[in-house]
Amino acid sequence: PTSAQVSVVPHSGRFCYTLDNNLLTTEQRQFYEDNGYLLIKNLISDEDIERFRKEFMRICKREVQPPGVMIMKDESLRSQFGQSEKVVNKVQDFQEDAELFRYCTLPEVLRYVECFTGPNIMAMHTMLINKLPDSDKQTFLHPMHQDLHYFPFRPASRIVCAWTAMERADQDNGCLVVQPGTHKTTLKPHGYPEWEGKTNKLFHGLLDEDEKIPKVHLVMEKGDTVFFHPLLIHGSGINRTSGFRKSISCHFASSECHYIDVKNTTQEHLEKELQEMVCKKYNTTSVELKDIWNFRARLVQGERINL
């Protein structure tokens, strides 16, 4: 298959998006079925979150330089602050950093992930986001999007994101915004929104957003974790406070998922952009999209089958 139009085969008469398990209640499964996300309160300990915060600061100060990690910065602030917490807005692909990768292996996270992916679990895409104060330029407003746009593997229903608030996240500091039920739609065309000078690299958004679909702001306390489907339309607002809103996340997938060819699909332009970035970073002439993802992916539970 070369697009998101892959039929979802229900696992039982009632549930398409979760697997039979002993953890989720019927009400929780039905909520995810209807809305495409599930919020679990107080899942990650303060102690773990503080360890992740310290490691982020060490990466900012270049005290550690994990291989493969992509550090995204607001270049306009670099001359003022150098490389620090005040400049770094995202640490991506931290799968080779032992401390941050602990997040992806926490038993309390994986027991929920298994309800969506099954027992063979790959960590595919890792991020620690540091949303900078941003009241005027709106540089770090992330437009509404579907994460599946970035992923060349299927089926979508065996992929789930775990996103943990590292401090309270609300409308003031740019919490997640979701459009419940949109996980039941197809993958839509994405691109850079027409905000002159206001978008970061790879911050793609829906080209045709339906403003009539209701939005829910996910107010979360430190340690709260939301699990959501890769077709759920979501984004985040700007941080109007003077603090830094941090979160840590991982997209998990069943290792039984398979790679697809994105040629002649809405994802083709993303493939080219990603290949150009990787070739530039590693000074190589060509790289396959599948190889980029093979490099990022790490097995966290069970057996590595396809991914």
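Residues numbered from 1 in each chain as written. Predicted model: local features only at pLDDT ≥ 70, side-chain atom pairs only at ≥ 80, totals over all residues. Heavy atoms only, no water.

- The name that an unreviewed UniProt entry assigns to the chain is Phytanoyl-CoA dioxygenase, peroxisomal, with the source organism given as Elachura formosa.
- Recorded under Sequence similarities (unreviewed entry), the UniProt text for the chain is reproduced unchanged: "Belongs to the PhyH family."
- Listed in UniProt under the heading Pathway (unreviewed entry), the comment for the chain reads: "Lipid metabolism; fatty acid metabolism." (UniProt positions renumbered as here; feature names shortened; annotations may be inferred.)

1. A few points about the environment of Asp172
Logical step 1: You can see Asp172 is positioned in the loop between β7 (159–165) and β8 (176–178).
Logical step 2: Along the backbone, Asp172 and Ile238 are 66 residues apart, and their C-alpha atoms lie at a distance of 7.8 Å.
Logical step 3: Once you skip the residues sitting within four places of it in the chain, Asp172 turns out to touch Ile238, Asn239, Arg240 and Thr241. (Helix = DSSP H or I, 4+ residues; strand = E, 2+ residues; numbered from the N terminus. Contact = heavy atoms within 4.5 Å.)

2. Observations regarding the packing of helix α6 (residues 268–282) against helix α7 (residues 289–296)
Logical step 1: Here α6 crosses α7 at 65°, and the two axes come no closer than 10 Å. Of the two elements, α6 crosses α7, and the hand of that crossing is left-handed. Along its contact with α6, which presents Glu271, Leu274, Gln275, Val278 and Tyr282, the element α7 presents Leu289, Ile292, Trp293 and Phe295.
Logical step 2: In terms of residue class, the contact of α6 with α7 is built from seven nonpolar, one polar and one charged. (Axes fitted to C-alpha atoms, helices over the stretch in contact; angles between N-to-C directions. Left-handed = near helix turned anticlockwise from the far one by under 90°. Nonpolar A, V, L, I, M, F, W, Y, C, P; charged D, E, K, R; others polar.)

3. Things to note about the pairing of strand β4 (residues 121–131)
Consecutive residues of a regular strand have side chains that alternate between opposite faces of the sheet.
Logical step 1: Counting buried residues in β4 gives 11 out of 11 residues, a clear majority hidden from the surface.
Logical step 2: By the bridge criterion, three bridges tie strand β3 (residues 88–92) to β4 in an arrangement that is antiparallel. Paired with Lys90 across the two strands is Ile129, which belongs to β4.
Logical step 3: Pairing of β4 with strand β16 (residues 298–301) involves three bridges; the strand directions are antiparallel. Bridging across to β16, Ile121 finds its partner in Gln301.
Logical step 4: Bridge analysis of β4 against strand β14 (residues 245–254) gives 10 bridges, and the strand direction is antiparallel. Counterpart to Leu128 in the pairing with β14 is Ile248. (Buried < 20%, exposed > 50% of the residue type's maximum accessible area, 1.4 Å probe, protein only. Pairing = 2+ DSSP bridges.)

4. Focus on helix α2 (residues 46–60)
Residues lying three or four places apart along an α-helix face the same way, a consequence of the helix completing one turn every 3.6 residues.
Logical step 1: Counted at 1.5 Å a residue, the expected span for α2 with its 15 residues is 21 Å, and the 21 Å between its end C-alpha atoms agrees.
Logical step 2: Listed as buried for α2 are Asp48, Ile49, Phe52, Arg53, Glu55, Phe56, Ile59 and Cys60. Around the axis of α2, the buried residues are gathered within 165° of arc, so they sit on the same side. Opposite the packed face of α2, turned more than 90 degrees from it, sit the exposed residues Glu47 and Lys54.
Logical step 3: Looking one or two residues past α2, Arg62 carries a phi angle of roughly 65°, positive in sign. (Expected span 1.5 Å × (residues − 1). Arc of directions from axis to C-beta.)

5. A short note on the pattern of salt bridges
Logical step 1: Under the criterion given, the structure shown has 17 salt bridges.
Logical step 2: The closest approach of N and O atoms between Glu50 and Lys222, which form a salt bridge, is 3.0 Å. Of this pair, Glu50 sits in helix α2 while Lys222 is found in the loop between β11 (216–217) and β12 (225–228), placing the two residues 172 residues apart along the sequence.
Logical step 3: The partner of Arg51 in a salt bridge is Glu99, with the nearest N and O atoms 3.0 Å apart. With Arg51 in helix α2 and Glu99 in helix α4 (residues 98–105), the pair connects residues that are 48 residues apart, well separated along the chain.
Logical step 4: Residue classification places Arg51 among the partly exposed positions, given a relative accessible area of 35%.
Logical step 5: For Glu99, a relative accessible area of 18% gives the class buried. (Salt bridge = Lys/Arg side-chain N within 4 Å of Asp/Glu carboxyl O.)

6. Examining the nonpolar core
One broad trend across soluble globular proteins is that nonpolar side chains are buried collectively.
Logical step 1: Counting residues in hydrophobic clusters, the biggest one holds 40 residues, and the most contacted among them are Val91, Tyr103, Cys104, Val109, Phe227 and Phe252.
Logical step 2: Those elements that place two or more of their residues in this core are β1 (37–40), α2, β3, α4, α5 (107–117), β4, β7 and β14.
Logical step 3: Ranked by the residues each element gives to this core, the list is headed by α5, at six residues. (Core = buried A, V, L, I, M, F, W, Y, C linked by side-chain atoms within 4.5 Å.)

7. Quick look at the confidence of the model for the chain
Logical step 1: Within the chain, residue pLDDT values average 87, and 87% of them lie at 70 or more.
Logical step 2: Note on residues 1–11: pLDDT under 50 across the span, and 25 contacts to partners over four residues away in sequence or across chains. (pLDDT = per-residue confidence, 0-100.)

8. Looking at the sheet that holds β11
Logical step 1: The sheet built from four strands is open, its strands ordered β5-β13-β8-β11 with antiparallel pairing. For this open sheet the edge positions go to β5 (142–145) and β11, each flanked by a neighbour on one side alone.
Logical step 2: Taken together, the three bridges between β8 and strand β13 (residues 234–236) define a ladder with antiparallel strand orientation. Following the sheet pairing, Leu176 is matched in β13 by Ser236.

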